[in-house]
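# Examining the three-dimensional arrangement
Here is how the chains run, residue by residue.
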Amino acid sequence: MRKDAYKLGSDFSGLGTDHIALARAGITITQSWASEKDSATRKLLRATIGKRAKIFHDMADRDMSDLPDNVDLYIPAPRCPPWGGTARQNRLSCTSLAP
């Protein structure tokens, strides 16, 4: 049964591409909450998901009781790739991608 709008929660949300993809597929989304560690990316995420959604700075420090409400869809993004911001901050590297 299709609903009028689905509530979405996401972690490691990045730029909100999950929100964008669902909307482009014609699925009405109301973003309930998201999390993104990088402050510059959070600014872009806010523009994507709107002002009503709660954005957590780090899902690892979030208390589950702080989540605004239940969601219909929970989308955790894949881990940051070795060349991404979190990996660079932690000085991680990926030798399997080396030529």
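Above this note sits the structure.
In short, a report on the structure. Just so we're clear, the structure is a prediction, and the values are computed from it rather than from any experiment.

## Observations concerning the sheet that holds strand E3 (residues 54-56)
Spatially, 4 strands are ordered E3-E2-E1-E4 in an open sheet, and the strand pairing comes out parallel. Looking at which strands have only one partner, the edges of the open sheet turn out to be E3 and strand E4 (73-76). Taken over all neighbouring pairs, the strand axes of this sheet differ in orientation by 20° on average, direction set aside. Along the sheet face, helix H1 (residues 17-24) touches strand E1 (6-11), strand E2 (29-35) and E4 and points at about 150° away from the line of E1. With respect to the sheet, helix H2 (residues 39-49) is in contact with E2 and E3, its orientation differing from that of E3 by roughly 155°.

## Brief notes about the packing of aromatic side chains
Going through the model one piece at a time under the given rule, you end up with 2 aromatic pairs. Ring plane angle 75° and centroid distance 6.5 Å describe the contact between tryptophan 33 and phenylalanine 56, whose orientation is recorded as edge-to-face. Of the two residues, tryptophan 33 is situated in strand E2 and phenylalanine 56 in strand E3; the sequence distance between them amounts to 23 residues. Taking the relative accessible area as the measure of exposure, tryptophan 33 reaches 4% and is therefore buried. Taking the relative accessible area as the measure of exposure, phenylalanine 56 reaches 8% and is therefore buried. Measuring from ring centre to ring centre gives 5.9 Å for tryptophan 33 and tyrosine 74, while their planes differ by 35°; the resulting arrangement is tilted. Linking tryptophan 33 in strand E2 with tyrosine 74 in strand E4, this pair joins segments that are 41 residues apart in sequence. Overall, the relative accessible area of 43% leaves tyrosine 74 in the partly exposed class. Three or more aromatic residues link up through ring pairs in this structure, and these residues are Trp33, Phe56 and Tyr74. Cation over ring: lysine 54 sits above phenylalanine 56, and NZ or CZ is 5.3 Å from the ring centre.

## Brief notes about the side chain of arginine 42
Of note, arginine 42 is situated in helix H2. Despite its burial, arginine 42 remains without a salt bridge, the nearest opposite charge being carried by glutamate 36 at 6.3 Å. Not counting the four nearest positions on each side in its chain, arginine 42 is found in contact with Glu36, Lys37, Ile55, Phe56 and His57.

## Comments concerning the pairing of E2
In terms of burial, E2 is largely enclosed, as 6 of its 7 residues are buried. Of the strand pairs in this sheet, E1 and E2 are connected by 5 bridges, and their pairing is parallel. By the bridge assignment, lysine 7 is partnered in E2 with threonine 30. Since E1 and E2 lie parallel, the crossover through H1 that links them has a hand, and here it is right-handed. By the bridge criterion, 3 bridges tie E2 to E3 in an arrangement that is parallel.

What counts, and where the lines are drawn
Residues numbered from 1 in each chain as written. Predicted model: local features only at pLDDT ≥ 70, side-chain atom pairs only at ≥ 80, totals over all residues. Heavy atoms only, no water. Pairing = 2+ DSSP bridges. Helix = DSSP H or I, 4+ residues; strand = E, 2+ residues; numbered from the N terminus. Axes fitted to C-alpha atoms, helices over the stretch in contact; angles between N-to-C directions. Contact = heavy atoms within 4.5 Å. Phe/Tyr/Trp six-rings, centres within 6.5 Å; stacked < 30°, edge-to-face > 60°. Buried < 20%, exposed > 50% of the residue type's maximum accessible area, 1.4 Å probe, protein only. Lys NZ or Arg CZ within 6 Å of the ring centre and 35° of its normal. Lys, Arg positive; Asp, Glu negative; His and termini not counted. Salt bridge = Lys/Arg side-chain N within 4 Å of Asp/Glu carboxyl O. Right-handed = clockwise from strand over helix to strand, strands pointing away.

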